[in-house]
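Next come the chains, spelled out residue by residue.
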Amino acid sequence: MKYTERYAAHPADFKNYDTTRIREEFLMPDLFQQDEISLVYSLYDRYIVGGALPVHKTLVLETIDPLKAPYFLERRELGIINVGAKGTVVADGVSYELGYKEALYIGKETKEVSFSSANAQEPAKFYINSAPAHHKFPTKKVTLNEAEIVEMGSLETCNARRICKLLVSSVVETCQLQMGLTELKTGSVWNTMPAHTHNRRMEAYFYFEVPQNQAVCHYMGQPDETRHIWLTNEQAVFSPSWSIHSGAGTSNYSFIWGMAGENLDYGDMDIVQPFQLK
């Protein structure tokens, strides 16, 4: 287990950040380290983003000091999406096998969580999001076949995409955590366009299936004062509630979105049209 902490930023201060500062505050470049659980604890809604890469041993999710709790999920809920080969998550003695792009919700007060891979030569990669929880909901696995699927965008506007709502209120009971993934179709590069903000929720993006030697430019900031940050495969970025979160790649790609905040309404967003951005 290893972790780092990130502070929240005021939008007026954010305007003064240079490239290095933006990357230091918002980019999460190395979530998957062999035989480690790597976490980033953010003061945006006390959200945690991380990765578990079990290769030669089983990894146990232990508490970290900022939580001031005897075990990790004493006051939290956890969302997991596997972006690697087949693996197993054990939650309080119950095993859940996760294949590629399959998800698992683990409820508050689950005391023991561990991660393992079926094959060390092709390990699982468990992408992790966690948020504070006020109620205990049942642990539940969700496959792509069980997800709520939405087709959006078009090839004409380079944003034809499939949104797979995995750990959302219409599929599984959660306190505030919402997670899913979006797959851009060949020939499309724009995600979440038109862009939007939602002051009721913060968000985190994890970009994957980015081809070798390609990259994604993630846009953030207030609509009238935007900035950008370049990401490569299997990197993540925090998006404050006051910030847009959109991106364009040099190829099509996929990304996992996770969010937490005041409500569970996926459609709660303030749309910003492309011609309004500055």
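So, a few notes on the structure that sits alongside this text. On a predicted model such as this, the values are computed, not experimentally measured, just so you know.

Here's the deal with unusual backbone geometry
Reasoning step 1: Between methionine 193 and proline 194 the backbone carries a cis peptide bond, its omega angle lying at 5°.
Reasoning step 2: Here proline 194 lies in the loop between strand E16 (190-191) and strand E17 (195-197).
Reasoning step 3: A positive phi angle, near 50°, is found at aspartate 92, a position not held by glycine.
Reasoning step 4: With respect to the helices and strands, aspartate 92 occurs in the loop between strand E7 (87-91) and strand E8 (94-98).
Reasoning step 5: The class for aspartate 92 is partly exposed, based on a relative accessible area of 40%.

Regarding the packing of aromatic side chains
Reasoning step 1: All chains considered together, the criterion is met by 14 aromatic pairs.
Reasoning step 2: Note on tyrosine 127 and phenylalanine 206: the rings are 4.4 Å apart at their centroids and 20° apart in plane angle, and the pair reads as stacked. Taken together, the residues tyrosine 127 in strand E11 (residues 126-132) and phenylalanine 206 in strand E18 (residues 201-208) connect sequence positions 79 residues apart.
Reasoning step 3: Between tyrosine 205 and phenylalanine 255, the aromatic rings sit 4.6 Å apart at their centres with planes inclined by 25°, giving stacked as the arrangement. Separated by 50 residues along the polypeptide, tyrosine 205 in strand E18 and phenylalanine 255 in strand E23 (residues 254-261) bring together distant segments of the chain. Like phenylalanine 255, tyrosine 205 is buried.
Reasoning step 4: One residue, lysine 125, lies across the ring of phenylalanine 32, its end atom 6.0 Å from the ring centre.

Reading guide: rules and limits
Along each chain, the written sequence defines residue order, and numbers are assigned to residues from 1. Local features are withheld for residues below a pLDDT of 70 in this predicted model, meaning they are given only at 70 or higher, and side-chain atom pairs are given and counted only at 80 or more; totals for whole chains, interfaces and linings count all residues. The side-chain numbers reported here are obtained from all heavy atoms of the structure, hydrogens and water having been left aside. Under the scheme used here, helices are H or I runs from DSSP no shorter than 4 residues and strands are E runs no shorter than 2 residues, and both carry numbers assigned from the N terminus. A simple rule labels every residue: compare its accessible area, found with a 1.4 Å probe on the protein chains alone, to the largest value its type can have, and call it buried under 20%, exposed over 50%, or partly exposed in between. Whether two aromatic rings pair depends on their centres lying within 6.5 Å, for rings of Phe, Tyr and Trp, where Trp uses its six-membered ring; planes under 30 degrees apart make the pair stacked, over 60 edge-to-face, and the rest tilted. Geometrically, a lysine NZ or arginine CZ counts as sitting over a ring once it is within 6 Å of the ring centre and also within 35 degrees of the ring normal.

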